[in-house]
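Residues per chain are reported as follows:
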Amino acid sequence: MGLMDKLMGGTGTRSTDEYVELDLDDFETEVESDASGMQVRIASIGGQQDVIAIKDAIYDGDLVIADITRHTTSDRTMEHITDELKQVAREVGGDIVQKDDDQLIITPTDVTISRTKL
């Protein structure tokens, strides 16, 4: 697989070894302390207790990408969690979508997720 295929999402399997963890301390960033814009938050759902922080983030106007690899989509706990997060997305006028079997993406007010790939 060539470099362009990797950059553009060419066919092939991917593993976590292909990703590089970046240390934000290596980059110069300026963040205003009173910035009130939307943030992208990363979460991991291990159980029902993790839903509270995700709901708070959505109500605060943040987008959440939640890792659900610990559960199968047929798991009853996961069904309850998904239903609860769908309700939150509806309440705020956001959106929710499951990406493959390992991620949920939940958006805040007026942010929708396209169901078509680029």
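Residues numbered from 1 in each chain as written. Predicted model: local features only at pLDDT ≥ 70, side-chain atom pairs only at ≥ 80, totals over all residues. Heavy atoms only, no water.

Engineer: Give me the overall build of the protein: which residues, what numbers.
Structural biologist: Scanning the protein from N- to C-terminus turns up three helices and four strands. For the protein, the sequential pattern of α-helices and β-strands runs α-β-α-β-α-β-β. Burial status across the protein gives 25% buried among its 118 residues. In the protein, of all internal contacts separated by at least 6 residues, the share reaching a separation of at least 24 is 49%. Counting every atom, the protein has about 9200 Å² of accessible surface; 49% of that belongs to carbon and sulfur. (Helix = DSSP H or I, 4+ residues; strand = E, 2+ residues; numbered from the N terminus. Buried < 20%, exposed > 50% of the residue type's maximum accessible area, 1.4 Å probe, protein only. Contact = heavy atoms within 4.5 Å. Areas by Shrake-Rupley, 256 points an atom, 1.4 Å probe, with all protein chains shown as cover.)

Engineer: Can you break down a negative patch on the surface residue by residue, with the values?
Structural biologist: Where like charges cluster on the molecular surface, the negative patch consists of E21, D23, D25 and D26. Within the fold, D23 resides in the loop between α1 (3-8) and β1 (40-44). The class of D23 is partly exposed, set by a relative accessible area of 41%. (Patch = residues over 30% accessible without salt bridge, like charges linked within 9 Å, V, L, I, M, F, W, Y side chains within 5 Å. Salt bridge = Lys/Arg side-chain N within 4 Å of Asp/Glu carboxyl O. Lys, Arg positive; Asp, Glu negative; His and termini not counted. Charge placed at Lys NZ, Arg CZ, Asp CG, Glu CD.)

Engineer: Help me get a handle on unusual backbone geometry, residues and values and all.
Structural biologist: Positive phi, normally seen in glycine, also occurs at D100, with a value near 55°. The phi dihedral of D110 is positive, around 60°, even though this residue is not glycine. Mapped onto the elements, D110 comes out in the segment after β4 (103-107).

Engineer: Pulling in residues and values, what's your account of helix α2 (residues 51-59)?
Structural biologist: Among all positions in α2, only V51, I54, A57 and I58 are buried. The arc enclosing the buried residues of α2, seen along the axis, measures out at 125°, which places them on a common side. Away from its buried face, by an angle of more than 90 degrees, α2 presents the exposed residues I52 and A53. Structurally, α2 contributes buried residues whose contacts are with β1, β2 (63-67), α3 (76-92) and β4. (Arc of directions from axis to C-beta.)

Engineer: Give a detailed account of the packing of α2 against α3, specifying residues and quantitative values.
Structural biologist: Interhelical geometry of α2 versus α3 gives an angle of 15° and a closest axis separation of 10 Å. Taken as axis vectors, α2 and α3 run roughly parallel relative to one another. Taken as a pair, α2 and α3 cross one another with a handedness that is right-handed. Side by side, α2 and α3 meet where V51, I54, K55, I58 and Y59 of the first sit next to I81, E84, L85, V88, E91 and V92 of the second. The residue makeup of the contact of α2 with α3, split by class, is eight nonpolar, no polar and three charged. (Axes fitted to C-alpha atoms, helices over the stretch in contact; angles between N-to-C directions. Parallel < 35°, antiparallel > 145°, perpendicular 65-115°, else oblique. Left-handed = near helix turned anticlockwise from the far one by under 90°. Nonpolar A, V, L, I, M, F, W, Y, C, P; charged D, E, K, R; others polar.)

Engineer: Pulling in residues and values, what's your account of the pairing of β2?
Structural biologist: Examined bridge by bridge, β1 and β2 share five bridges and lie parallel to one another. Paired with V40 across the bridge in β2 is L63. Handedness of the crossover joining β1 and β2 through α2: right-handed. Bridge analysis of β2 against β4 gives four bridges, and the strand direction is antiparallel. (Pairing = 2+ DSSP bridges. Right-handed = clockwise from strand over helix to strand, strands pointing away.)

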